[in-house]
Amino acid sequence: MNLKLTVLGLFLTTIAMAQEGNTFNIDAQLRARGEYNNGAFTPRAQGERSAFYVSDRARISLGYQRNHLEMKISAQHTGVWGQDNISARAGRVALNEAWAKVLFGQGFFAQVGRQQLSYDDERILGSCDWDMAGNWHDALRLGYDGEQTNLHAILAFNQNTENVRGRYYDATMPYKSMQALWFHQGFYQKNIQMSLLVMNLGREGGTEDNGKTRYMQTFGTHLTYKIDKKTEVSGSFYIQTGKEPSGTKVSAFMVAAQGSYEVMREWKVRLGYDYLSGNDGRNVNQHSFNPLYGTHHNFYGAMDYFTGPVPLGLQDLHAGTSATIRQITSDFELFVPFKASFDYHYLFSAEKFKEMKRSLGHEFDFKLSCSPMRDLTLSAGYSFMLGTESMDIVKGGNHKSWQDWAWLSLNISPRIFSTKW
C-alpha cells in the first residue's frame with residue numbers, strides 16, 4: 001500500500017513539474033462613449049436635427065500560456081444604451097477572439113481561429129479598435145518572428161453553414177477566401193523598416209443558382225526611416241488588380257507619405273499627403289482604391305467621411321501636432337499627464353466630375369485624454385468640417401449647414417486575475 005502511494009505521489013509530482021511555466025490571465029474591459037453627431041460619418045442636410053447616443057463595449061478575455069502553447073478566448077457585448085428592453089433575454093454577445101497558437105521554436109508558429117490581423121500602420125489590415133465591435137478574421141496564420149525579420153502567411157475560407165451542396169457565399173464576412181503574405185525586415189538596428197504585403201481576395205458574385213467567385217489582388221509596401229532621435233519619415237504604396245464581384249476589372253492604387261519631428265520632449269509635429277485613385281468616368285473599369293479592412297478612423301479625418309472606396313478618389317493634405325502636458329507652471333506640477341492632439345485635413349478629389357471643383361473641404365480634429373488612475377482613461381474629442389459644393393455631390397448633405405461632432409469616452413481595462421504555476 002505504501003509503495004502504491006509512493007508511486008502515485010511520484011507520478012503526480014512528475015505531472016506538476018511537467019506543467020511548470022503555466023500562466024493564466026483574466027482581463028476585462030468596459031468602454032462607454034457618448035457622441036453628439038451633427039454631421040459625422042455623412043454630412044447632414046439643411047434642417048436635419050443632430051443626434052446623441054451612448055454606445056458601450058463590455059469585454060472579458062481569458063489568456064493561457066505554456067511553453068510552446070498560447071490560447072485566448074475573448075467575448076464581448078456591444079450596443080447602444082436603450083437598444084435592449086429592460087428585461088430583454090437576447091443580446092449581442094459575440095466571440096471577437098478565439099484562437100490557439102503553437103510555437104515550434106526558433107521563431108516559427110501556427111495560429112488558428114478567430115483573431116485580429118494588425119499590420120504596419122493598419123492601413124490595409126487593422127484591429128479597428130475605435131469601433132466598439134472591432135475587426136476579426138477566422139483564419140490560419142503560419143509564420144516566423146525573428147529579431148528583425150518577420151514572415152506571415154494568412155489563409156481564410158468562409159461559408160454560411162455546413163453546406164450539403166454548393167459553395168455559394170452571401171458575404172456575411174466581406175470576403176469568401178483570403179490568401180495573404182506579409183514580410184517585414186528591419187535594418188540598422190530598426191532605424192529602417194520595410195514591409196511587403198501581397199493579398200488575394202476571393203469575393204462572391206452572382207446568385208446562389210449562378211454564383212461565381214472573382215479575385216482581387218492587393219500588393220504593396222510600407223516603409224519607415226528614423227533619420228535621428230527627433231525625425232522620422234514613412235510611406236506606403238499599394239496597387240490593386242483583378243476583378244470586382246460583379247466582374248468589373250480593377251486597376252487602382254494609393255500612395256501616402258508622412259514626416260514627423262520632435263520639437264522638444266513630448267511635443268511632435270507632423271505633415272503628410274495621401275492619394276487614393278478614383279474613377280474618371282471615361283471607362284467601365286474600377287479605379288477607386290479600396291482600403292479594405294484597415295483602421296480607417298486613423299486616416300482622412302476623424303469624422304470618418306471616407307472609410308471605403310471613394311468614387312472620384314481622394315487626396316488628403318494633412319498636418320498635426322501632439323503633446324503630453326505634465327507641467328503648467330514651474331510652481332505647479334500636474335499629477336495626471338494630459339495628452340492633447342490637433343489635426344487638420346484639406347480634402348480634395350483625385351478626379352473631376354463635369355464642372356465640379358476638386359476641393360471637398362477642411363476638417364479640424366481636436367483630442368484630449370488623461371489617465372487619472374491605473375487602468376482608467378478619460379478622453380474627449382471635437383471635430384468640425386467646412387465642406388464645399390463638391391462635398392455635397394460626393395457625400396450628400398448641405399455644406400451650408402454646420403457640420404460637427406463631439407464625443408466623451410470612459411475606458412476601464414484592468415487585469416482582474418493573473419496566476420502562474
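Everything below is about the structure printed above this text.
Residues numbered from 1 in each chain as written. Predicted model: local features only at pLDDT ≥ 70, side-chain atom pairs only at ≥ 80, totals over all residues. Heavy atoms only, no water.

Draft legend 1. Summary view of a nonpolar patch on the surface. Together, Ile60, Leu62, Ile73, Leu95, Ile416 and Phe417 make up an exposed nonpolar region whose accessible area comes to about 500 Å². Taken together, the elements giving at least two residues each to the nonpolar patch come down to β2 (51–66) and β19 (415–420). Position of Ile60 among the secondary structure elements: in strand β2. (Patch = residues over 30% accessible without salt bridge, like charges linked within 9 Å, V, L, I, M, F, W, Y side chains within 5 Å. Areas by Shrake-Rupley, 256 points an atom, 1.4 Å probe, with all protein chains shown as cover. Salt bridge = Lys/Arg side-chain N within 4 Å of Asp/Glu carboxyl O. Helix = DSSP H or I, 4+ residues; strand = E, 2+ residues; numbered from the N terminus.)

Draft legend 2. Inspection of the nonpolar core at higher detail. Counting 41 residues, the largest nonpolar core has Ile124, Met178, Met199, Leu201, Phe306 and Leu314 as the members making the most contacts within it. Among the elements of the structure, β7 (149–157), β8 (177–187), β9 (192–206), β12 (249–264) and β18 (403–412) are those that each provide at least two residues to this core. Examining the composition of this core, we find that 4 residues originate from one element, β12, more than from any other. Once you skip the residues sitting within four places of it in the chain, Ile124 turns out to touch Leu197, Met199, Tyr238, Phe289, Pro291, Leu292, Tyr293 and Gly294. (Core = buried A, V, L, I, M, F, W, Y, C linked by side-chain atoms within 4.5 Å. Buried < 20%, exposed > 50% of the residue type's maximum accessible area, 1.4 Å probe, protein only. Contact = heavy atoms within 4.5 Å.)

Draft legend 3. Here's a closer look at the side chain of Asp365. Structurally, Asp365 is set in strand β16 (residues 359–373). Among the polar contacts made by the side chain of Asp365, one reaches the main-chain amide nitrogen of Ala302 at a distance of 3.2 Å. One polar contact links Asp365 to Ser383, side chain to side chain, over a distance of 2.7 Å. With sequence-adjacent residues up to four places away left out, Asp365 is seen in contact with Gly301, Ala302, Ser341, Phe342, Asp343, His345, Tyr382 and Ser383. (Polar contact = N/O pair within 3.5 Å; in protein donor to acceptor, adjacent residues only side chain to side chain.)

Draft legend 4. Looking closely at unusual backbone geometry. Even without being glycine, Glu122 reaches a positive phi, approximately 65°. Residue classification places Glu122 among the buried residues on the basis of a relative accessible area of 14%. Positive phi is not limited to glycine here, since Tyr300 has a value of about 65°. Inspection of the secondary structure assignment puts Tyr300 in the loop between β13 (267–276) and β14 (314–329). Residue Tyr300 is classed as buried on the basis of its relative accessible area, which comes to 5%.

Draft legend 5. Representation of the side chain of Gln315 in the model. Along the chain, Gln315 falls in strand β14. Judged by its relative accessible area of 10%, Gln315 falls in the buried class. Of the polar contacts made by the side chain of Gln315, one reaches the side chain of Tyr273; its length is 2.5 Å.

Draft legend 6. Inspection of the packing of aromatic side chains at higher detail. Counting across every chain of the model gives 18 aromatic pairs. Residues Phe342 and Phe366 carry aromatic rings whose centres are separated by 4.9 Å and whose planes lie at 40° to one another, so their mutual orientation is tilted. Here Phe366 lies in strand β16 and Phe342 lies in strand β15 (residues 332–348), a separation of 24 residues in the sequence. By the ring-pair criterion, three or more aromatic residues cluster together here, those being Tyr344, Phe364, Tyr382, Phe384 and Trp402. Lying across the ring of Trp130, Arg33 places its NZ or CZ 3.8 Å from the centre. Over the ring of Phe306 we find Lys395; its NZ or CZ atom is 5.8 Å from the centre of that ring. (Phe/Tyr/Trp six-rings, centres within 6.5 Å; stacked < 30°, edge-to-face > 60°. Lys NZ or Arg CZ within 6 Å of the ring centre and 35° of its normal.)

Draft legend 7. Broad picture of the pattern of salt bridges. Following the criterion strictly, the structure yields 12 salt bridges and no others. When the shortest N-O distance is used, the salt bridge between Glu97 and Lys72 registers 3.1 Å. Here Glu97 is found in strand β4 (residues 93–105), whereas its partner Lys72 is found in strand β3 (residues 69–80), with 25 residues between them in sequence. Overall, Glu97 belongs to the buried group, its relative accessible area being 8%. Note on Lys72: relative accessible area 26%, which makes it partly exposed.

Draft legend 8. Local environment of the environment of Val284. Structurally, Val284 can be placed in the loop between β13 and β14. According to the relative accessible area criterion, Val284 is exposed, its value standing at 72%. As a C-alpha pair, Val284 and Val250 span 34 residues in sequence and 9.7 Å in three-dimensional space.

Draft legend 9. Highlighting the pairing of β2. Pairing geometry for strand β1 (residues 23–38) and β2, over 15 bridges, is antiparallel. Following the sheet pairing, Gly34 is matched in β2 by Val54. Sheet topology note: the β2/β3 ladder contains 12 bridges and is antiparallel. Within the sheet, the bridge partner assigned to Ser55 lies in β3 and is Val80. (Pairing = 2+ DSSP bridges.)

Draft legend 10. Spatial organisation of the environment of Leu95. By secondary structure assignment, the location of Leu95 is in strand β4. Through-space distance from the C-alpha of Leu95 to that of His77 is 9.0 Å; in sequence the pair is 18 residues apart. If we skip the residues at most four places from it in the chain, Leu95 touches Ile73, Ser74, Ala75, Arg114 and Trp136.

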